[in-house]
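Chains, contacts and geometry: an overview
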Amino acid sequence: DPNSKSTNPPLRPYLCNLAVSPTLRSLGVGRALCRIVEAIAYKKWGYRQVYLHVDPANDAAVGLYEKEGYVDVGRRWNVIWADGAEN
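So, here is what we can say about the structure in this document. (Residues numbered from 1 in each chain as written. Predicted model: local features only at pLDDT ≥ 70, side-chain atom pairs only at ≥ 80, totals over all residues. Heavy atoms only, no water.)

**Section: the overall build of the protein**
Regarding its fold elements, the protein presents 2 helices and 2 strands. Each of the 87 residues in the protein was classed as buried or not, and the buried ones make up 17%. If you take every contact in the protein between residues at least 6 apart in sequence, the share linking residues at least 24 apart comes to 60%. A total of about 7,300 Å² of accessible surface is found on the protein, and carbon and sulfur atoms cover 52% of it. (Helix = DSSP H or I, 4+ residues; strand = E, 2+ residues; numbered from the N terminus. Buried < 20%, exposed > 50% of the residue type's maximum accessible area, 1.4 Å probe, protein only. Contact = heavy atoms within 4.5 Å. Areas by Shrake-Rupley, 256 points an atom, 1.4 Å probe, with all protein chains shown as cover.)

Structure follows, in structure tokens:
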């Protein structure tokens, strides 16, 4: 509602915790999961964009998202990563 006084940001589809078993990596599973999420977001909810967060030190994940057309829109909050990864 454009007349709403809410200060909350609008709801958006958010891809969270995409994980692929090490034995299934490099087989296109992550790519397929991304595309399924995108299809649901668009076909069911009408959204053309999906948001996510990724550990910047996870080169494989960053590479996957870049190949799939995701772009860095900046950091939304300070994330605390497991095992001392960067945030």
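**With respect to the environment of Gln 49**
Considering the arrangement of structural elements, one finds Gln 49 in the loop between helix 1 (29-45) and strand 2 (51-52). C-alpha separation for the pair Gln 49 and Glu 38, spaced 11 residues apart in sequence, amounts to 7.5 Å. Of the polar contacts made by the side chain of Gln 49, one reaches the side chain of Tyr 51; its length is 3.1 Å. (Polar contact = N/O pair within 3.5 Å; in protein donor to acceptor, adjacent residues only side chain to side chain.)

**Things to note about the packing of aromatic side chains**
Tallied over the entire structure, the rule returns 1 aromatic pair. Taking the centre distance of 5.7 Å and the plane angle of 65° together, the rings of Tyr 65 and Tyr 70 count as edge-to-face. In this structure, Tyr 65 and Tyr 70 share a single accessibility class: buried. (Phe/Tyr/Trp six-rings, centres within 6.5 Å; stacked < 30°, edge-to-face > 60°.)

**Section: the environment of Ala 39**
If you trace the backbone, Ala 39 turns up in helix 1. The class of Ala 39 is partly exposed, set by a relative accessible area of 30%. Here the alpha-carbon distance between Ala 39 and Val 50, two residues 11 residues apart in the chain, equals 10.0 Å.

**Notes on the packing of helix 1 against helix 2 (residues 59-67)**
The interhelical angle for the contact between helix 1 and helix 2, taken along N-to-C directions, is 50°, at an axis separation of 10 Å. Taken together, helix 1 and helix 2 sit at an angle that is classed as oblique. The handedness of the crossing between helix 1 and helix 2 is right-handed. Between helix 1 and helix 2, the contacting residues are Gly 30, Arg 31 and Cys 34 on the first element and Leu 64, Tyr 65 and Lys 67 on the second. By residue class, the composition of the contact of helix 1 with helix 2 is 3 nonpolar, 1 polar and 2 charged. (Axes fitted to C-alpha atoms, helices over the stretch in contact; angles between N-to-C directions. Parallel < 35°, antiparallel > 145°, perpendicular 65-115°, else oblique. Left-handed = near helix turned anticlockwise from the far one by under 90°. Nonpolar A, V, L, I, M, F, W, Y, C, P; charged D, E, K, R; others polar.)

**Some words on helix 2**
An α-helix turns once per 3.6 residues; consequently, residues spaced three or four apart project the same way. Among the residues of helix 2, those classed as buried are Ala 61, Gly 63, Leu 64 and Tyr 65. For helix 2, the elements touching its buried residues are strand 1 (14-15), helix 1 and strand 2. Looking one or two residues past helix 2, Gly 69 carries a phi angle of roughly 95°, positive in sign.

**A closer look at a nonpolar patch on the surface**
A contiguous nonpolar surface patch, about 890 Å² in accessible area, is contributed by Leu 11, Leu 24, Leu 27, Val 29, Leu 33, Ile 36, Ile 40, Trp 45 and Tyr 47. With respect to the element layout, Leu 33 can be found in helix 1. (Patch = residues over 30% accessible without salt bridge, like charges linked within 9 Å, V, L, I, M, F, W, Y side chains within 5 Å. Salt bridge = Lys/Arg side-chain N within 4 Å of Asp/Glu carboxyl O.)

By themselves, these observations are geometric and do not establish any function.
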